[in-house]
Amino acid sequence: MRRISTPLLGGLALLIVAPLRVLSQGMPFHTPTALPIALAEGGIRSFYQRLVMGSVVRNGREVANPQGLRVAVDAVPLMLPYGLRRGTVVTAGIPYVHRTFEDGGRTQSNSGFGDLFVVIKQELIANDFIAGNRRLALFAGATFPTGETKTGGTRLPVPLRPGLGTVNLQGQAVFSY
């Protein structure tokens, strides 16, 4: 019997329950932009992202990788934005992550929910013109250690952890035109 991968099942489930009445084009909603995103203050948002890392870097330079180390990450975050007021949006979310680690021909994998994240976007300048827009927004966010870092009382190797196990803070300013 052929086994269906967990990230594929999660993606299919998300497609089934996602509202089909809204279709849109444009900038991805997960991109930090000062421009308003259509329907940014309501609904459930998600996307699929795959990252594959096979280079080894030391002191900012790529070095040989004789062991053939490779990490692949498939992530499907589920995000819930909420408009607090005009120009202020809070987004909370949690990713479902499938990680694969290859080390010298040996392959290990692990799946699970990653760390919970919260991001606040505050528009500071919103000048809209016929010939273009000028917008400035601040983003502040944090991740909270909700993802698995251990299995059976033993710490997972870092490349296999769905979560980081730490609180992380971030902030940025974005000017869009």
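Residues numbered from 1 in each chain as written. Predicted model: local features only at pLDDT ≥ 70, side-chain atom pairs only at ≥ 80, totals over all residues. Heavy atoms only, no water.

Side note on the overall build of the chain
Applicable threshold: Helix and strand definitions here come from DSSP, where helices need a minimum of 4 consecutive H or I residues and strands a minimum of 2 consecutive E residues; each element is numbered from the N-terminal end. Residues are treated as being in contact if the distance between any of their heavy atoms lies within 4.5 Å. In short, Shrake-Rupley with a 1.4 Å probe defines the accessible areas, and a residue's cover is counted only from the protein chains shown.
For the chain, the helix and strand inventory stands at one helix and 12 strands. For the chain, the N- to C-terminal ordering of α and β elements is α-β-β-β-β-β-β-β-β-β-β-β-β. For the chain, restricting intrachain contacts to residue pairs at least 6 apart in sequence, the fraction spanning at least 24 positions comes to 56%. Surface summary for the chain: the accessible area is close to 12,200 Å², and the carbon and sulfur share equals 59%.

A closer look at the pairing of strand β8 (residues 116-129)
Just so we agree on the cut-off: Paired strands, as defined in this entry, are two strands with at least two bridges between them according to DSSP.
Bridge analysis of strand β6 (residues 88-103) against β8 gives six bridges, and the strand direction is antiparallel. Pairing of Val90 across the sheet is with Ile120, part of β8. Taken together, the 13 bridges between β8 and strand β9 (residues 132-144) define a ladder with antiparallel strand orientation. Looking across to β9, one finds that Gln122 is bridged to Leu138.

Some points on the packing of aromatic side chains
We describe a pair of aromatic rings using the distance from one ring centre to the other and the angle between the two ring planes. To be explicit about the condition: Aromatic pairs are defined between Phe, Tyr and Trp rings, using the six-membered ring for Trp, whenever the two ring centres lie within 6.5 Å; interplanar angles under 30 degrees are classed as stacked, those over 60 as edge-to-face, and all others as tilted. Burial classes: relative accessible area under 20% of the type maximum marks a residue as buried, over 50% as exposed, and values in between as partly exposed (1.4 Å probe, protein chains only).
Enumeration according to the criterion identifies one aromatic pair in this entry. Judged by centre distance (5.2 Å) and plane angle (80 degrees), the ring pair of Tyr96 and Phe113 falls under edge-to-face. Of this pair, Tyr96 sits in strand β6 while Phe113 sits in strand β7 (residues 106-113); the two residues are 17 residues apart in sequence, bridging distant segments of the chain. Residue class for Phe113 comes out partly exposed when judged on its relative accessible area of 49%.

A closer look at a nonpolar patch on the surface
Our working rule: To count toward a patch, a residue needs a relative accessible area over 30% and no salt bridge; like charges are then connected within 9 Å, while nonpolar side chains (Val, Leu, Ile, Met, Phe, Trp, Tyr) are connected within 5 Å. For salt bridges, the criterion is a side-chain nitrogen of Lys or Arg within 4 Å of an Asp or Glu carboxyl oxygen.
On the surface, a nonpolar cluster with roughly 380 Å² of combined accessible area is contributed by Leu116, Phe144, Val167 and Leu169. With respect to the secondary-structure elements, Phe144 resides in strand β9.

Comments concerning the environment of Gly171
If you trace the backbone, Gly171 turns up in strand β12 (residues 168-176). Gly171 sits 51 residues away from Ile120 along the chain, and the two C-alpha atoms are 9.4 Å apart. Not counting residues up to four positions away in its chain, the partners in contact with Gly171 are Phe139 and Ala140.

A word on the environment of Gly112
Along the polypeptide, Gly112 turns up in strand β7. Overall, the relative accessible area of 11% leaves Gly112 in the buried class. Measuring from C-alpha to C-alpha, the distance between Gly112 and Tyr96 comes to 5.7 Å, with 16 residues separating the pair along the chain. When residues no more than four places from it in sequence are discounted, the contact partners of Gly112 are Pro95, Tyr96, Val97 and Pro162.

Focus on the nonpolar core
Here is the rule we go by: Only buried residues count toward a nonpolar core. Its members are Ala, Val, Leu, Ile, Met, Phe, Trp, Tyr and Cys residues joined through side-chain atoms within 4.5 Å.
Counting seven residues, the largest nonpolar core consists of Phe47, Met79, Phe117, Val119, Ala137, Phe139 and Val174. Looking at this core, the elements with two or more residues in it are β8 and β9. Of all hydrophobic cores here, the second largest spans six residues; its members include Val71, Ala75, Phe101 and Leu160.

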